[in-house]
Amino acid sequence: MRALVVRGVGERPRVEEVVLPAPGSDEVRVAVRAAGVCHSDLSMVNGTLAAPYPLVLGHEAAGVAVEVGADVTRVRPGDHVVLNWAPPCRRCWFCGHGEPWLCERGGAPAAARGATAAGEPLHVTLGLGALAQEVVVPQAAVIPVPAELPFEAAALLGCAVLTGVGAVRRTARVAAGESVVVIGLGGVGLAVVGAARAAGADPVLAVDVSPAKAELALAAGATEFLLSGDSLSRAVRERTGGRGADHAVECVGRGGTIRAAWRAARRGGTVTVVGMGAKDDVVPLGALEIFHSARTLRASVYGSSDPDRDVPELARSVLDGSLDLAPLITDRTGLDGATAALDRMARGEGARTVVVP
Ligand code: APR
Ligand code: ZN
């Protein structure tokens, strides 16, 4: 089968012929029908996130289970599934504590799962490697969804949407009438915008460095678009009774934008960091400022969500029309177009590209 492989930091990902192992007793072979290109993929290409190479990219996908091991009970061949990049073990302290998104075993950055190219072992992103025609994954990493759910919507539920919607509903717990500022309007940020609006937030201020994101933000439900820059916290205060936003949500993954989100939140407000930044990128926060601002700073890992519970719920919302993912998808391509999609993402163009491999 064919898959998108990157062979080192900064190298150009290419489609390669890849051989997958047959599924083990607890594993499922999935034919991928749609896969989103996420900024975390780009971060594993440009070195922002550490990853071993050669690496099969991709972790946001949906498809059809085509072969299941003897002990698999969650799905049968023919079932439609969303892939979960952090399947919880259900046994560790965090899982037992109701925080499966922090599972000690979930979300290994790039496991070796037996995939090879010309006999050479490959790592697969987050145990999936989903920018590929097929994956072989543990049954815990597949979540059955209704066959009526379009594959491209299902794919986005696996990362951008679960993350963005979860950040609003579960991490920040945005309530009706609260003000929200969202910094960074890719697939994740636009999902945050839509969920904030759906929660009744007002205003929903959407912020990006790229003016081309204005139209996408308004389509996703923002009440106003603001350009990122030095005067952001003033612009936000002007629109929030002089105080700053009740919630600021960072969806870029940089120290500078985390700092901007911090400054855009009101005294006592919440700052939710969704973006995954680099290890050496430091955010300066004054000791007195932390005390005086009385803000709460939280990170949202996988939307503080339990994918087994929340992906099916989101699937129902898509099917009943209450969750519209159309504004998040700006491009569609085959596997050969996935590298160009990463280029567009690096330039800050568009939102999600869905790859049909
Ligand atoms: N200020 C505001 N917006 C910015 C800035 C900035 N300084 N720098 C970049 N951006 C914008 C880009 O223009 C782009 O619209 O942030 C957006 C990021 O979108 P994508 O690249 O599409 O990223 P996405 O897949 O949405 O992921 C966002 O969440 O899961 C993490 O690793 C992921 O850190 C990444 C973040
Ligand atoms: Zn992702």
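Residues numbered from 1 in each chain as written. Chains lettered and ligands numbered in written order. Predicted model: local features only at pLDDT ≥ 70, side-chain atom pairs only at ≥ 80, totals over all residues. Heavy atoms only, no water.

Around ligand 1, a shell composed of 23 residues is seen, among which His39, Ser40, Asp208, Ser228 and Arg352 lie nearest. Here an oxygen atom of ligand 1 sits 2.8 Å away from a polar atom, N or O, in the side chain of Ser40. Contacts to ligand 1 include Arg352, whose side-chain N or O atom sits 2.8 Å from an oxygen atom. Secondary-structure elements contributing two or more residues to the shell around ligand 1 are α1 (39-46) and α4 (187-198). Its residues assigned to classes, the shell around ligand 1 shows 10 nonpolar, 10 polar and 3 charged. If you count residues domain by domain, the shell around ligand 1 takes at least three from each of domain 1 (2-144 + 325-356) and domain 2 (163-302). (Near = heavy atom within 4 Å. Polar contact = N/O pair within 3.5 Å; in protein donor to acceptor, adjacent residues only side chain to side chain. Helix = DSSP H or I, 4+ residues; strand = E, 2+ residues; numbered from the N terminus. Nonpolar A, V, L, I, M, F, W, Y, C, P; charged D, E, K, R; others polar. Domains from an automatic or database assignment.)

Here the focus is the coordination of the zinc ion (ligand 2). Within the protein, Cys38 (SG), His59 (NE2) and Cys159 (SG) serve as the donor atoms for the zinc ion (ligand 2), at 2.0 to 2.3 Å. We note that the donor set of the zinc ion (ligand 2) lies within a single chain, spaced as C-x20-H-x99-C. With His59 in the loop between β4 (55-56) and β5 (60-68) and Cys159 in helix α3 (residues 151-171), this residue pair connects regions lying 100 residues apart in the sequence. Grouping residues by exposure puts His59 and Cys159 together as buried. (Donors = N, O, S within 2.8 Å, 3.2 Å for Na, K, Ca; no water. Buried < 20%, exposed > 50% of the residue type's maximum accessible area, 1.4 Å probe, protein only.)

What follows covers the sheet that holds strand β14 (residues 245-250). The sheet built from 6 strands is open, its strands ordered β13-β12-β11-β14-β15-β16 with parallel pairing. The open sheet has two edge strands with one neighbour each: β13 (224-227) and β16 (296-299). Each neighbouring strand pair of the sheet contributes to a mean axis angle of 20°, computed without reference to strand direction. Pairing analysis gives 4 bridges linking strand β11 (residues 180-183) to strand β12 (residues 204-208), with the strands arranged parallel. Within β12, the position partnered with Val182 by the bridge is Ala206. Against the sheet, helix α7 (residues 255-264) contacts β11, β14, β15 (265-273) and β16, and its axis sits at roughly 150° relative to β15. (Pairing = 2+ DSSP bridges. Axes fitted to C-alpha atoms, helices over the stretch in contact; angles between N-to-C directions. Contact = heavy atoms within 4.5 Å.)

Moving on: the domain arrangement of the chain. Considered domain by domain, the chain is made up of domain 1 (2-144 + 325-356) and domain 2 (163-302). Placing the centre of domain 1 and that of domain 2 at their C-alpha centroids yields a distance of 28 Å. Each side of the interface is counted separately: domain 1 has 17 residues, and domain 2 has 14 residues. Here domain 1 meets domain 2 over a buried area of about 1300 Å², counting both sides, of which 68% is carbon and sulfur. Three residues stand out in domain 1 for area buried against domain 2, namely Trp85, Pro327 and Leu328, and they jointly supply 32% of the buried area on that side. Between the two partners, domain 1 and domain 2, sit 0 salt bridges. Its residues placed into classes, the side of domain 1 that touches domain 2 shows 9 nonpolar, 6 polar and 2 charged. (Buried area = accessible area lost by both parts, 1.4 Å probe. Salt bridge = Lys/Arg side-chain N within 4 Å of Asp/Glu carboxyl O.)

So, on to the nonpolar core. Counting 90 residues, the largest nonpolar core has Leu57, Leu83, Leu157, Val161 and Leu325 as its most contacted members. Per-element tally for this core: the top contributor is α3, with 12 residues. Among the nonpolar cores identified, the runner-up in size contains 15 residues, and Leu232, Ala235, Val236 and Ala265 belong to it. (Core = buried A, V, L, I, M, F, W, Y, C linked by side-chain atoms within 4.5 Å.)

This next bit is on the packing of α1 against helix α10 (residues 338-346). Where α1 meets α10, the axes come as close as 10 Å, and the angle between the chain directions of the two elements is 95°. Accordingly, the angle class assigned to the pair α1 and α10 is roughly perpendicular. Between α1 and α10, the contacting residues are His39, Asp41, Leu42 and Val45 on the first element and Leu342, Met345 and Ala346 on the second. The residue inventory of the contact of α1 with α10, partitioned by class, reads 5 nonpolar, 1 polar and 1 charged. (Parallel < 35°, antiparallel > 145°, perpendicular 65-115°, else oblique.)

By the secondary structure assignment, Leu190 is in helix α4. A relative accessible area of 1% means that Leu190 is categorised as buried. Considering only alpha carbons, one finds Leu190 and Ala172, 18 residues apart in sequence, at a separation of 16 Å. Leaving out residues up to four positions away in the same chain, Leu190 has contacts with Leu185, Leu216, Ala217, Ala220, Pro327, Leu328 and Ala351.

Turning to the pairing of β15, a few remarks are in order. As defined by bridge partners, β14 adjoins β15 across 5 bridges and the pair is classed as parallel. Bridge pairing links Val249 to Thr272 in β15. Taking the sense of rotation as the criterion, the β-α-β connection linking β14, α7 and β15 turns out right-handed. (Right-handed = clockwise from strand over helix to strand, strands pointing away.)

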